[in-house]
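Next come the chains, spelled out residue by residue.
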Amino acid sequence: MTPNRDVAASAPGADRQHLVACEYCDAVYQRADLATGEQALCRRCGGSLYRESRRAYQQLLPLVATALILFLLSNVFPIVEMELKGIRAKTTLWGAVQALYADHMVLVALLVFATTILFPLAEMMMMLYLLVQMGRRRVPTGFARIVRGIQLTRPWGMIEVYLLGVVVTLVKLSSVADILAGPALWSFSALVVVLATMLSFDPRDLWQYLAKGPPR
Ligand SMILES: [Zn+2]
């Protein structure tokens, strides 16, 4: 997002670090402080510019930590019972991905792996790294690249895709496996809710909470 030079130049004394451009019509505004729960709208097209996110930001680290624990639990405990090499056995999500792969359902195996393991984990690790560093009032190395990375993985980590992955897994597996109503399934369900809350935070807002302003 490059600030519109004309507007920046025509607003004398404007703090260029705090310019915000409308995603929908490219109008540029000076960022103003919002009260809790408020949302800034574009005066020209009515599009959403940004939300007040201080409380959401403060809740982010506990959310990421909770998500990581739930992720761990849902991957450590067996989630399905299926036929593996002729033996009926309970297996984890990762075991199920391997079984799908071995069963020549390569695409399904990849989709399930990407949406339920790879992208959520990548997003959680990137968030954790940034938040811990920012909590220590440091500017994380590679900050800009990681924020962009989070935005890039977002379409894949999106809750719809994630749920699709889960549904495909359950449907595909239910033909060859029984879903186990155990700790893995419960933590999995809770993880979906926590991730949805986490994903409602716009990673670009992280710029507002850097100890120093964005690098010039
Ligand atoms: Zn607009």
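Each remark here, short or long, concerns the structure printed above.
Everything numeric here is computed off the predicted structure, so don't read it as measured data.

About the thresholds
- Residues numbered from 1 in each chain as written.
- Predicted model: local features only at pLDDT ≥ 70, side-chain atom pairs only at ≥ 80, totals over all residues.
- Heavy atoms only, no water.
- Donors = N, O, S within 2.8 Å, 3.2 Å for Na, K, Ca; no water.
- Tetrahedral: all angles 85-135°; square planar, octahedral: opposite > 155°, others 65-115°.
- Helix = DSSP H or I, 4+ residues; strand = E, 2+ residues; numbered from the N terminus.
- Buried < 20%, exposed > 50% of the residue type's maximum accessible area, 1.4 Å probe, protein only.
- Salt bridge = Lys/Arg side-chain N within 4 Å of Asp/Glu carboxyl O.
- Core = buried A, V, L, I, M, F, W, Y, C linked by side-chain atoms within 4.5 Å.
- Contact = heavy atoms within 4.5 Å.
- Phe/Tyr/Trp six-rings, centres within 6.5 Å; stacked < 30°, edge-to-face > 60°.

### So, the coordination of the zinc ion
Each pair of donors in an ideal octahedron of six around a metal sits at 90 or 180 degrees, and each pair in an ideal tetrahedron of four sits at 109.5 degrees. Looking at the zinc ion, one finds its protein donor set to be Cys-22 (SG), Cys-25 (SG), Cys-42 (SG) and Cys-45 (SG), positioned 2.2 to 2.4 Å from the metal centre. Bound by four donor atoms, the zinc ion shows angles of 103 to 115° at the metal and therefore tetrahedral coordination geometry. Taken in sequence order, the residues that donate to the zinc ion follow the motif C-x2-C-x16-C-x2-C. Of this pair, Cys-25 sits in the loop between strand E1 (19-21) and strand E2 (28-30) while Cys-45 is found in the loop between strand E3 (39-41) and strand E4 (48-51), placing the two residues 20 residues apart along the sequence. Classification of Cys-45 as partly exposed rests on a relative accessible area of 39%.

### Focus on the pattern of salt bridges
For the structure shown, the criterion picks out five salt bridges. Across the salt bridge formed by Arg-31 and Asp-205, the nearest N and O atoms sit 3.8 Å from each other. With Arg-31 in the loop between E2 and E3 and Asp-205 in the segment after helix H7 (183-199), this pair connects stretches of sequence that are 174 residues apart. Overall, Asp-205 belongs to the buried group, its relative accessible area being 8%. Between Glu-52 and Arg-54 there is a salt bridge, with its nearest N and O atoms 4.0 Å apart. By relative accessible area, which is 15% here, Glu-52 ends up buried. Overlapping salt bridges, with partners in common, bring together Glu-23, Asp-202 and Arg-204 in one network.

### A short note on the nonpolar core
Met-127, Leu-130, Met-198 and Leu-206 are the most contacted members of the largest nonpolar core, which has 42 residues in total. At the level of secondary structure, the elements contributing two or more residues to this core comprise helix H2 (54-76), strand E5 (80-84), helix H3 (93-102), helix H4 (106-135), helix H5 (143-157) and H7. Residue contributions to this core peak at 10 residues, all from H4. Not counting residues within four places of it along the chain, the set of residues in contact with Leu-206 comprises Tyr-57, Leu-60, Met-127, Leu-130, Leu-131, Met-134, Phe-143, Val-147 and Phe-201. If you look at the next biggest cluster of nonpolar residues, it comprises nine residues, including Cys-22, Ala-27, Tyr-29 and Ala-40.

### A word on the packing of aromatic side chains
Tallied over the full model, the rule gives four aromatic pairs. Ring geometry for Trp-94 and Phe-113: centres 5.6 Å apart, planes at 55°, overall tilted. Residue Trp-94 is located in helix H3, and its partner Phe-113 is located in helix H4; the two are separated by 19 residues in the primary sequence. Seen in terms of ring centroids, Phe-143 and Trp-207 are 4.7 Å apart; in terms of plane orientation they differ by 80°. Their pairing is edge-to-face. Taken together, the positions of Phe-143 in helix H5 and Trp-207 in the segment after H7 put the pair 64 residues apart, joining distant regions of the chain. With relative accessibility at 25%, the residue Trp-207 sits in the partly exposed group. Of the aromatic side chains, those joined through ring pairs into one cluster are Tyr-57, Phe-201 and Tyr-209.

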